[in-house]
Amino acid sequence: DAGVTQSPTHLIKTRGQHVTLRCSPISGHKSVSWYQQVLGQGPQFIFQYYEKEERGRGNFPDRFSARQFPNYSSELNVNALLLGDSALYLCASSLAVNYGYTFGSGTRLTVV
Amino acid sequence: ELKVEQNPLFLSMQEGKNYTIYCNYSTTSDRLYWYRQDPGKSLESLFVLLSNGAVKQEGRLMASLDTKARLSTLHITAAVHDLSATYFCAVDSQGGSEKLVFGKGMKLTVNP
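Computed from a predicted structure; not experimentally measured.

Draft legend 1. Representation of the overall build of chain A. Within chain A one finds zero helices and 11 strands. Taken over the C-alpha trace, chain A has a radius of gyration of 13 Å; the compact-globule value for 112 residues is 13 Å, and the two agree within 12%. Taken along the three principal axes of its C-alpha coordinates, chain A extends 40 × 25 × 25 Å. Sorting the 112 residues of chain A into buried and exposed places 50% on the buried side. Within chain A, counting contacts between residues at least 6 apart in sequence, those at least 24 apart form 51% of the total. Accessible surface, chain A: about 5,400 Å² in total, of which carbon and sulfur atoms supply 49%. Computed over 10 positive and 7 negative side-chain charges, the inter-centroid distance for chain A is 6 Å.

In structure tokens:
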């Protein structure tokens, strides 16, 4: 079975640009969460979606937005990129709360 | 606000030795997760602990959860070089969204 897949794997953008990151959850998983991991730190929660509805939002500016599609895949959008947005962006999917979370391999975003 | 603290943050140990690492969290939760991360890689799920007194073992690693003390331990038995990685604990905030709050991670180096 395919795990959580994320695309692209690496991305270089210029300050002020916009970026879209994509995530496909494990088949059957209806919950998708996004995390930002800055080098040397633990991941920080950005968004959680379940059945296409936003269930949680972390302490990130409005430049960050996300959505979940009918097939449960998800996109994370970041507008007006700043140098500080450079990080590993991780997507996690879950079957249900008590089953834990499976993380994708991440998208490494570099803003120059 | 839920805070998760890990200690130590850095550990260098010799092969064959035992050690216990700690994860404390600040508010009530009965769901705690341990993850492993290799350099440049994503998060690999190690343990899902869902109740007070839960104990799980996999190979040379054993994790336990004490929800009353808000403490989880990860015990390493007879360490081997392949265990070198960064270990994160994460606590489910249980606020209605499936939001994980991560510790800063413990970087483990096992020397031959």
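From this point on, the discussion continues.
Draft legend 2. Quick peek at the overall build of chain B. A tally of regular secondary structure across chain B gives zero helices and 11 strands. The helix and strand sequence of chain B, counted from the amino end, reads β-β-β-β-β-β-β-β-β-β-β. Taking 13 Å as the expected radius of gyration for a compact globule of 112 residues, we find that chain B reaches 14 Å, a close match to that expectation. Across its three principal axes, chain B shows a C-alpha extent of roughly 45 × 30 × 20 Å. Out of the 112 residues belonging to chain B, those deemed buried represent 46%. Sequence separation of 24 or more characterises 54% of the internal contacts of chain B that already satisfy a separation of 6 or more. Accessible surface for chain B amounts to roughly 5,600 Å². Of this, 48% is attributable to carbon and sulfur atoms. Between the centroid of the 12 positive side chains of chain B and the centroid of its 11 negative side chains there is a distance of 4 Å.

Draft legend 3. The interface of chain A and chain B, seen in detail. Taken together, the contacts link 23 residues of chain A with 20 residues of chain B. Taking both partners together, chain A and chain B bury about 1,700 Å²; carbon and sulfur atoms supply 55% of that area. At the boundary of chain A with chain B, the tally comes to zero salt bridges. Our count for the chain A to chain B interface comes out at five residue pairs in polar contact (both at pLDDT 80 or more). Those elements that provide at least two residues to the side of chain A that touches chain B are β4 (31–37), β5 (44–50), β6 (53–57) and β9 (87–94) of chain A. Ranked by residues supplied to the side of chain A that touches chain B, first place goes to β4 of chain A with four residues. Here the side of chain A that touches chain B is built from residues that sort into eight nonpolar, 13 polar and two charged.

Draft legend 4. Representation of the pairing of strand β5 (residues 43–49) of chain B. All names here are of chain B. Two elements, strand β4 (residues 32–37) and β5, share six bridges in a ladder whose sense is antiparallel. Following the sheet pairing, R36 is matched in β5 by E44. Where β4 folds back onto β5 in an antiparallel hairpin, the turn is made up of five residues, including G40, whose phi is positive at roughly 75°.

Draft legend 5. Looking closely at unusual backbone geometry. Omega for the bond connecting S7 of chain A with P8 of chain A falls within 30 degrees of zero, at -10°, which places this linkage in the cis form. For P8 of chain A, the position within the fold is in the loop between β1 (5–7) and β2 (10–13). At the junction of N7 of chain B and P8 of chain B, the peptide bond is cis and its omega measures out at -5° in the coordinates. Within the secondary structure, P8 of chain B sits in the loop between β1 (4–7) and β2 (10–14). Positive phi is not limited to glycine here, since A78 of chain B has a value of about 50°. You can see A78 of chain B is positioned in the loop between β8 (71–76) and β9 (85–92). Looking at A78 of chain B, the relative accessible area reads 24%, which means it is partly exposed.

Draft legend 6. Representation of the pattern of salt bridges in the model. Residue and element names in this part refer to chain A. Summed over the entire model, instances satisfying the criterion amount to eight salt bridges over all chains. For E51, the salt bridge goes to K52, with nearest N and O atoms at 3.9 Å. Residues joined by salt bridges that share partners form a network here, namely R22, R67 and E75.

Draft legend 7. Structural detail: the environment of I46 of chain A. Residues and elements named next belong to chain A. With respect to the helices and strands, the residue I46 is situated in strand β5. Judged by relative accessible area, I46 falls into the buried class, the value being 0%. Measuring from C-alpha to C-alpha, the distance between I46 and P61 comes to 9.7 Å, with 15 residues separating the pair along the chain. When residues no more than four places from it in sequence are discounted, the contact partners of I46 are W34, Y35, Q36, G56, R57, G58, F60, F64, L76 and Y89.

Rules used throughout
Residues numbered from 1 in each chain as written. Chains lettered and ligands numbered in written order. Predicted model: local features only at pLDDT ≥ 70, side-chain atom pairs only at ≥ 80, totals over all residues. Heavy atoms only, no water. Helix = DSSP H or I, 4+ residues; strand = E, 2+ residues; numbered from the N terminus. Rg over C-alpha atoms; globule rule 2.2 N^0.38 Å. Buried < 20%, exposed > 50% of the residue type's maximum accessible area, 1.4 Å probe, protein only. Contact = heavy atoms within 4.5 Å. Areas by Shrake-Rupley, 256 points an atom, 1.4 Å probe, with all protein chains shown as cover. Lys, Arg positive; Asp, Glu negative; His and termini not counted. Charge placed at Lys NZ, Arg CZ, Asp CG, Glu CD. Buried area = accessible area lost by both parts, 1.4 Å probe. Salt bridge = Lys/Arg side-chain N within 4 Å of Asp/Glu carboxyl O. Polar contact = N/O pair within 3.5 Å; in protein donor to acceptor, adjacent residues only side chain to side chain. Nonpolar A, V, L, I, M, F, W, Y, C, P; charged D, E, K, R; others polar. Pairing = 2+ DSSP bridges.

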